[in-house]
Structures are given as structure tokens and as C-alpha cells.
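# Reading the structure
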Amino acid sequence: MTLLLLIGSVLAAIVPMFTFLAVVWWLDRYDREPVWLLTITFFWGAIPAVLIALPGSAVLGQVLLVLSDASGLDPALAASVTGPVLVAPLIEEPAKALILIYLIFNRHFDNMTDGFVYGAAAGLGFGMTENVIYFLAATDNAMAWGATVVVRTFYSAVMHATATSIIGAALGFGRFRGPWALLASGVVGYGLALGVHALWNGLIVSAEAMEEPGLFVANLALFPIEALLVFLVFQVCLFTESRTIARELAEEAAMGTLPATHPPRLASWWSRMSRRWMPHGVDHDTYVRLATRLALRRNQVRLLGPRATKYYHDDVARLRAAVREVLRHST
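Reading the values: the criteria
Residues numbered from 1 in each chain as written. Predicted model: local features only at pLDDT ≥ 70, side-chain atom pairs only at ≥ 80, totals over all residues. Heavy atoms only, no water. Patch = residues over 30% accessible without salt bridge, like charges linked within 9 Å, V, L, I, M, F, W, Y side chains within 5 Å. Areas by Shrake-Rupley, 256 points an atom, 1.4 Å probe, with all protein chains shown as cover. Salt bridge = Lys/Arg side-chain N within 4 Å of Asp/Glu carboxyl O. Helix = DSSP H or I, 4+ residues; strand = E, 2+ residues; numbered from the N terminus. 1 Å grid on protein atoms, 1.4 Å probe; cavity = no way out; pocket = protein on both sides within 12 Å on 5 of 7 lines; lining within 4 Å. Points joined across faces, edges and corners; volume = space filled by probe spheres on them. Nonpolar A, V, L, I, M, F, W, Y, C, P; charged D, E, K, R; others polar. Buried < 20%, exposed > 50% of the residue type's maximum accessible area, 1.4 Å probe, protein only. Axes fitted to C-alpha atoms, helices over the stretch in contact; angles between N-to-C directions. Parallel < 35°, antiparallel > 145°, perpendicular 65-115°, else oblique. Left-handed = near helix turned anticlockwise from the far one by under 90°. Contact = heavy atoms within 4.5 Å. Phe/Tyr/Trp six-rings, centres within 6.5 Å; stacked < 30°, edge-to-face > 60°. Lys NZ or Arg CZ within 6 Å of the ring centre and 35° of its normal.

### Digging into a nonpolar patch on the surface
Nonpolar side chains collect at one region of the surface, where L3, L6, I7, V10, L11, I14, V15, F18, F43, I47, L51 and L136 lie side by side and expose about 1000 Å² of accessible area between them. Among the elements that line the nonpolar patch, the one with the most residues is helix α1 (residues 2-27), at 8 residues. Of note, L11 is situated in helix α1.

Next comes the structure, spelled out in C-alpha cells:
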């Protein structure tokens, strides 16, 4: 039985997280991120972020223990509270989000939608590693193991993804609006992520300390509401991305880059999947990808204004030429 639980622990930690990752990738329906880069982000959360968080939590935990002892507080009580509620969020969220600082300056990163996706990927990776540890520790009791798998798979790991996706989205909002906007949005995103993480851990600690199972049940009911709110913001970002594509490509159509009937099609998730409106001889997937990239890059130039470097202007020109070249083969 123990061997089965050991094998089951590894599978239960890995399979759901990769499934969730695939769903997040699929939901980014207008300009899906490269699978290789999303995979790197996932494994950043699974390995380096954990290796950073472990010693970081230990150091900060010791500092808080010394401070609590100096204040006359019970060190054991202080550790049981400050560890999950303060130390874990303060250390784990930056550890997971460190890769986002690289990603927001990557050419594949475009907006808040991408921030949501990459942040969720890092959080899911972190959740996978945590789950392996917790699942293996619970293999001596099948009932406890099952409960741990359910709660940590659908709550704790999703909490990690939700919290880090908030940081990613915030960074995506500020990325092309200037350094001060980027700094401010990053701080706000970090604060919101800390709140989500600390509230989840805090209610668990309170339920155990007060021997009040109602608090734990309340936590299970409250977190889905938080996750749903974040998901709704993600949907708003997708809608905004659709309007951006329509607006930018309408201007390109006025310049003769593409037919005037195409921007509404390309801005609609359902219409863009159909091949009926595509001129004969045009590669559907290539055309949709290039036109979408052109729209998003144009929007970045618009947001950057005078701060847009030669790279952005050159890339707009390159993508415009590529779109025209693809359409040239229509019959």
C-alpha cells in the first residue's frame, strides 16, 4: 500500500499541474506563448524558486524568532504563526516571480495576458514540488493522503498559480508604460499576491490553533471566489487584447496592408479559427500569427511613445512586410 501511495504521490503531484498548465496555455487564445518558454517558466517555479525559498524562509524565520523572543513572545507560538502567514508569502512570492523580471523584457512578452500566463506557470511549478513533498509525507495514512491530495491539488497549488499570476499581470500592465509605472504596478501586484497567499495560510493556521473546523471550511469556500475574480480579470485582458487587434489592424487595413474585412475576423476568437474567409493560397496559421503579432507590436509602440526603440519600429515594419508577403500568394 505504501509503495502504491509513493507512486501515486509523484503522479498526483505532476499530472494535475501539467494539465492545469495546458489549460492556461490554451486559454491564451489570441497569441499563445511558446511552449518551450512556458515550460522553462514552469520548471523555474518547480526547482530554482523552491531552492531560493527554502533558505530564504529559514533565514527570515530565524530573524522573526529572535525578534519575538526579544519581545517576550512564545517562540513556538510565534513560529507557528509567522512561518506560514508572514515568512512563506514574503519569500515564496518573490522567488516564484523572479523569472518574470526576465520574461517581461523578452520579445514574446506583450501585455497583461502574457503576465497572467507566465505567472501561473511559475506558480504551478512551485505547487508541483510542494505537493510532492506533502504527498510523500502523508503516505503512512491512506485517508489523510487522499485528503491532502485533494486540498493541495485544487487549492494550495492553484493558490500559488493565482498569486503569482497577479504579479505577472501587474508587471504586464506596467511593462510598456514607463519605468515608474512598471515599479508601481509591480509593488501593487506583489502586495495583492501576498494578501492572497497570507489569507489562505492564515485561515489554515487559525483553524488549527483555535480547533475551529469552520474556519477551514470558510477558507475552502473563500479561495474559489478569489480565484474566480482573478480569472474574470484575465478574461477582461483577453477582451482588451481582442479590441487591440481590431484597432491596430484596422489602421493597417487603411494603409493597404490587409483587406478591410480581415481585422474583425482576426479580432474574433471564433472567426479567426475558420478558414472560410481566408483567401485561397494563403497559409491560415501563418497569416493569423503574423497579423496578431503585428497588432500587438504596434500597440507596444503606441504605449511606449517616444521611448520606443528602433527594435520596435523595425519589428513593426518587418511584420507588416511579412503579412503583405503572405497575402501576395492569394489566388
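Next comes the rest of the write-up.
### Points about the layout of surface pockets
The gaps of empty space that remain are located by a probe, the size of a water molecule, rolled over the atoms. The volume enclosed by the largest pocket comes to roughly 770 Å³. Lining the largest pocket we find 26 residues, and of these P84, E130, Y134, R152 and N201 sit closest to its centre. Contributions of two or more residues to the lining of the largest pocket are made by α3 (48-70), α4 (75-103), α5 (112-137), α6 (142-174) and α7 (179-209). Among the elements that take part in the lining of the largest pocket, α7 stands out by supplying 7 residues, more than any other. Of the residues assigned to the lining of the largest pocket, the class counts are 15 nonpolar, 7 polar and 4 charged. Roughly 620 Å³ of internal volume is contained in the second largest pocket. Looking at the lining of the second largest pocket, the elements with two or more residues in it are α10 (269-273), α11 (284-304) and α12 (310-328).

### Here we look at the pattern of salt bridges
One pass over the structure, following the stated rule, counts 17 salt bridges. A salt bridge links E252 to R320; the shortest N-O distance between them is 2.8 Å. Residue E252 is found in helix α8 (residues 213-254), and its partner R320 is found in helix α12; the two are separated by 68 residues along the sequence. Using a relative accessible area of 0% as the deciding quantity, one classes E252 as buried. Its relative accessible area of 17% is what places R320 among the buried residues. Residue D315 pairs with R318 through a salt bridge whose shortest N-O separation is 2.8 Å. On the criterion of helical spacing, the pair formed by D315 and R318 is a turn pair, its members being 3 residues apart in helix α12. On the basis of relative accessible area, D315 is assigned to the buried category, the value being 8%. The exposure class assigned to R318 is partly exposed, which follows from its relative accessible area of 47%. One continuous salt-bridge network, built from bridges that share partners, spans R247, E248, E251, E252, R298, R302 and R320.

### A word on the packing of α7 against α8
The contact between α7 and α8 brings their axes to 8 Å, and the two run at 165°. Classified by the interaxial angle, the pair formed by α7 and α8 is roughly antiparallel. Crossing of α7 against α8: the hand is left-handed. Contact residues: α7 offers V196, L199, W200, L203, I204, S206 and A207, while α8 offers L215, F216, N219, L220, L222, F223 and E226. Its residues assigned to classes, the contact of α7 with α8 comprises 11 nonpolar, 2 polar and 1 charged.

### As for the packing of aromatic side chains
Within this structure, the stated rule accounts for 15 aromatic pairs. For the ring pair Y155 and F223, a centre distance of 6.4 Å and an interplane angle of 55° mean the geometry is tilted. With Y155 in helix α6 and F223 in helix α8, this residue pair connects regions lying 68 residues apart in the sequence. For the ring pair F176 and Y312, a centre distance of 6.2 Å and an interplane angle of 90° mean the geometry is edge-to-face. Of this pair, F176 sits in the loop between α6 and α7 while Y312 is found in helix α12, placing the two residues 136 residues apart along the sequence. On the basis of relative accessible area, F176 is assigned to the buried category, the value being 2%. Members of the aromatic cluster, each reached through a chain of ring pairs, are F18, F42 and F43. Sitting above the plane of the F176 ring, R175 keeps its charged end 4.5 Å from the centroid.

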